[in-house]
Amino acid sequence: MKKLERDLGLGAVFAISVGAMIGSGIFILPALALEIAGPAVVVAYLLAGLLVVPAALSKSEMATAMPEAGGTYLYIERGMGPVLGTIAGVGTWFSLSFKSALALVGGVPYLVLLFDLPVKPVALGLAAFLVVVNLLGAKQTGRLQTVIVAVMLLALGWFVAGSAPQVQQANYQDFFVGGWEGLLAATGLVFVSYAGVTKVASVAEEVEDPGTNIPLGILGSLAFTTLLYVGIVAVMVGVTEAGAVAGSETPVAVVAEVTLGDWGVYAVIAAALLALVSTANAGILSSSRYPFAMSRDRLAPSTFADVHDRFGTPTTAITLTGAVVLVLIAFVPILEIAKLASAFQILVFVLVNLAIVAFRNGSTDYEPEFEAPLYPWLQAFGVLSGLALLTQMGLVPLAGAVVITLGSVAWYLAYARPRIRREGAATDVIRRRLGRDVVAETEDALDAAAGTGAGGPDGAATDAAGTGAVPTDDVGTNATGGDGIPTATAAGDAAASRADSANAPGPTDDGTDVLVAITRETDADRERSLLSLAADVVRPSGGTVVVVRFDEVPDQAPLEHAAEVQSPADVRFEDRTADLAGEFDVPVEYGEIVSHDTKHAIVNYADHRGVDAVVAEHERLRLRSRLLGDPIDWVVRHASCDVLLVENRGYDRPQHVVLEGDGGPYDPSTVALADTIAGQTGGHVTLQFPLAADQPDARQETIRAYQEELAGVLSAPVRTHVLRADGGELEAPDLVVRTGSLARISGGRDAVQPTAVDCTEVTVYPRESRRPGLLRRVAERLAF
């Protein structure tokens, strides 16, 4: 890959930066700003210059750390990631192209004062000339810029010195005639006057000694231009009445005619033409480097990175930029589009201030030769002030910025995303912060799961035989659910239960209570597995296992009769459950509920009993579940507690518990479940995380660090495993635990991408209060 030659010294850097600023900002915009703010336009220029300082310092620092072509795009792409980098690159490229076209169209009216010439043809000719100059090389461009800026500054200096003695104090009366709203609106309008101050960073790869020349050039040119702007505007306001200048297409010439006569007008015309041409020249020079840099990062076609063998310039990128400028001059109302571009420039400066925060807090190698002072307060000021200015730009500029943003995102998704595997420093910062937050939440979940209540393991309630089982009486309730048992259908059907209310107390704080929901089809082995799993879950906190068989009868069948008739199968269920309850050293309640709608009955009973979790069987890959939905899916969506869906292939003190990741942080309640089970069975937990082999090193390191930090808070022994498509077999697990996606219970990733295992799998669906919010989920998906 060819590199650009470093042949721009401090003088060229200063000239490019000043030349990129002094143009439409002083020869066109003061007349418009006067109409908005009156004499306070002087303060508007000073305030705008101060608001640029944070971005100028931030870009100076990043330019010394990454002295490469691309400037704003490069810093935002490296700091905030390729998506925002694409937005910054495309948007800034268009913005500079717009500004170049505006400068040329705005400069021609000054020329018309001397010659009767058509505006657009002359502007097109000047644009074509500047494109050719840029094709010939950056050194030629820098030399031309230095000459232009020197002559322009001499003319403007004469204008200020010659006009200052004629300033009249009376012209400053009613200084804040537009109020604070007018001042802020004018500040937002003239803000674009300073946008060029950091454009030299886009050619940082061609700057000699960038660690010194870039900060000096940027900060020196900003200070000089701010004082020059304030001086010129102060003179314009002080020597004429506001009405004489406001709205004029050539405001500086109007003032010069009053104070300096014809020769002053000639000097101003020369300065205006030189200033506006230099603005256009600097804009073409710097904007053409954006597609060049994006191409090298594979965000744009490779042809834009081609450097001419003879001239050493990115000819394709310059040609495209020149073509865009020519089209804008010929067919588009440039002033309105330039206002849209200025709004986007403010947004880009906001992103610049955020990018430096990402670099300083991320794990990316970042060693600037110059460091911005007052970090991070200066950057925070830049972000807040930029957002405040955006509110003063009006709806149309904001809408234009949104269009550019959406177009850039569409380009990234359609072209760039399949070609890159890269992320910004901010992504790493966010991922680390989210990881720390999730680890802290996991500690809380582990403490809750291991809490000891009054009925803890050592003091568990037992029956007279000492089995630990608390059998229910065989007492039926009436059709209204009697004894406090709730109704169990969506249409208001009553539920009938064989569980006596005396053995179904309300919620307690003694420990974790788990409802095991079974049906007539659940045989003894499967029931034993579910009961054993539930017992391991409640044992550390001294909770209770509640085993309930839910029977569903046709709508036309009276619940009273169904509840009164006890079949041999019912007796076998009670005897079998009583025998199973005796195998575990935890309190066990059991009973039966008959209803017209099982799913409503489960949810209603779980809510009435106040359990912390429902354990139920579920076959994820069953055809009926995938096509028609399973009744248990409704339970997942409506239960007020956690729901544990079990693919039941047996459960016998699992030693190897795999916590399966889905590409995001592990859910705290799911981690607590895996840790609790492994702790009760004397096993270990494997933290599995899917990670493609071509992922960025920073992401792999952060994921490993997150797993290690998470392992430090678990009580059971922990191993880590990165699941890759290119290999890395996982030791056969005894139990797989995962977090379910609420939006895809029966299909989607939960169903089509299971771990290939031959063991019981538990999918945890946390209750509503434990589910992260939408913004948190989006952040986790983007960061992890």
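Conventions used here
- Residues numbered from 1 in each chain as written.
- Predicted model: local features only at pLDDT ≥ 70, side-chain atom pairs only at ≥ 80, totals over all residues.
- Heavy atoms only, no water.
- Helix = DSSP H or I, 4+ residues; strand = E, 2+ residues; numbered from the N terminus.
- Buried < 20%, exposed > 50% of the residue type's maximum accessible area, 1.4 Å probe, protein only.
- Contact = heavy atoms within 4.5 Å.
- Pairing = 2+ DSSP bridges.
- Right-handed = clockwise from strand over helix to strand, strands pointing away.
- Core = buried A, V, L, I, M, F, W, Y, C linked by side-chain atoms within 4.5 Å.
- Salt bridge = Lys/Arg side-chain N within 4 Å of Asp/Glu carboxyl O.
- Axes fitted to C-alpha atoms, helices over the stretch in contact; angles between N-to-C directions.
- Parallel < 35°, antiparallel > 145°, perpendicular 65-115°, else oblique.
- Left-handed = near helix turned anticlockwise from the far one by under 90°.
- Nonpolar A, V, L, I, M, F, W, Y, C, P; charged D, E, K, R; others polar.

(A) Representation of the overall build of the protein chain within the structure. A count of helices and strands for the protein chain gives 29 helices and 11 strands. In the protein chain, which comprises 784 residues, the proportion classed as buried is 56%. If you take every contact in the protein chain between residues at least 6 apart in sequence, the share linking residues at least 24 apart comes to 83%.

(B) Region of interest: the pairing of strand β2 (residues 514-518). Of all 5 residues making up β2, 5 are buried, and the element is well covered by its neighbours. By the alternation rule, side chains of β2 split into Val514, Val516 and Ile518 and Leu515 and Ala517, which are all buried. Bridge count between β2 and strand β3 (residues 545-552): 5 bridges; the pairing is parallel. The residue of β3 that forms the bridge with Val514 is Val545. Regarding the hand of the β-α-β motif, the stretch spanning β2, helix α20 (residues 524-538) and β3 is right-handed. Strand direction decides the pairing type here: β2 and strand β5 (residues 613-617), joined by 4 bridges, are parallel. The residue bridging Val514 from the neighbouring strand is Ala613, located in β5.

(C) Local environment of the nonpolar core. Ranked by internal contacts, the top residues of the largest apolar core, which has 133 residues, are Ile22, Phe27, Tyr45, Met62 and Phe159. The element best represented in this core is helix α10 (residues 210-239), accounting for 13 residues. Every residue in contact with Met62, bar those within four places of it in the chain, is listed here: Tyr75, Val352, Ala355, Ile356, Phe359 and Tyr366. Core analysis: the next-biggest nonpolar cluster, separate from the first, contains 51 residues, Ala613, Ile677, Ala716 and Val764 among them.

(D) The arrangement of the pairing of strand β11 (residues 760-765) in detail. Counting buried positions along β11 gives 6 out of 6 residues, so the element sits mostly inside the fold. Neither face of β11 is open: one carries Thr760, Val762 and Val764, the other Glu761, Thr763 and Tyr765, and all of them are buried. Strand direction decides the pairing type here: strand β10 (residues 735-739) and β11, joined by 5 bridges, are parallel. Residue pairing in the sheet places Leu735 in a bridge with Thr760 of β11.

(E) Structural context of the pattern of salt bridges. Tallying each qualifying case throughout the model produces 16 salt bridges. Between Asp585 and Arg539 there is a salt bridge, with its nearest N and O atoms 2.8 Å apart. Here Asp585, found in the loop between α22 (568-581) and β4 (588-595), pairs with Arg539, found in the loop between α20 and β3; they are 46 residues apart in sequence, far enough to count as distant. The partner of Arg738 in a salt bridge is Glu660, with the nearest N and O atoms 2.6 Å apart. Taken as a pair, Arg738 in strand β10 and Glu660 in strand β7 (residues 656-660) lie far apart in primary sequence, 78 residues in all.

(F) Examining the environment of Arg296 more closely. Take Arg296: it is sitting in helix α14 (residues 289-296). Sequence separation of Arg296 and Asp306 is 10 residues, and the distance between their C-alpha atoms is 9.3 Å.

(G) Summary view of helix α12 (residues 251-259). Taken together, the buried positions of α12 are Pro251, Val252, Ala253, Val255, Ala256 and Thr259. The positive-phi residue at the C-terminal boundary of α12 is Gly261, with phi of around 80°.

(H) Inspection of the packing of helix α6 (residues 82-112) against helix α7 (residues 119-136) at higher detail. At a minimum axis separation of 9 Å, α6 and α7 run at an interaxial angle of 120°. Judged on the interaxial angle alone, α7 and α6 are oblique. The crossing of α6 and α7 is right-handed. When α6 is examined against α7, the residues Leu104, Val105, Val108, Leu111 and Val112 are found in contact with a partner set consisting of Val119, Val122, Ala123, Leu126, Ala127 and Leu130. Of the residues in the contact of α6 with α7, the class split is 11 nonpolar, no polar and no charged.

(I) Region of interest: α14. Of all 8 residues making up α14, 8 are buried, and the element is well covered by its neighbours. Here α14 has its buried residues at Arg289, Tyr290, Pro291, Phe292, Ala293, Met294, Ser295 and Arg296. Among the residues trailing α14, Arg298 stands out with phi positive, at a value near 65°.

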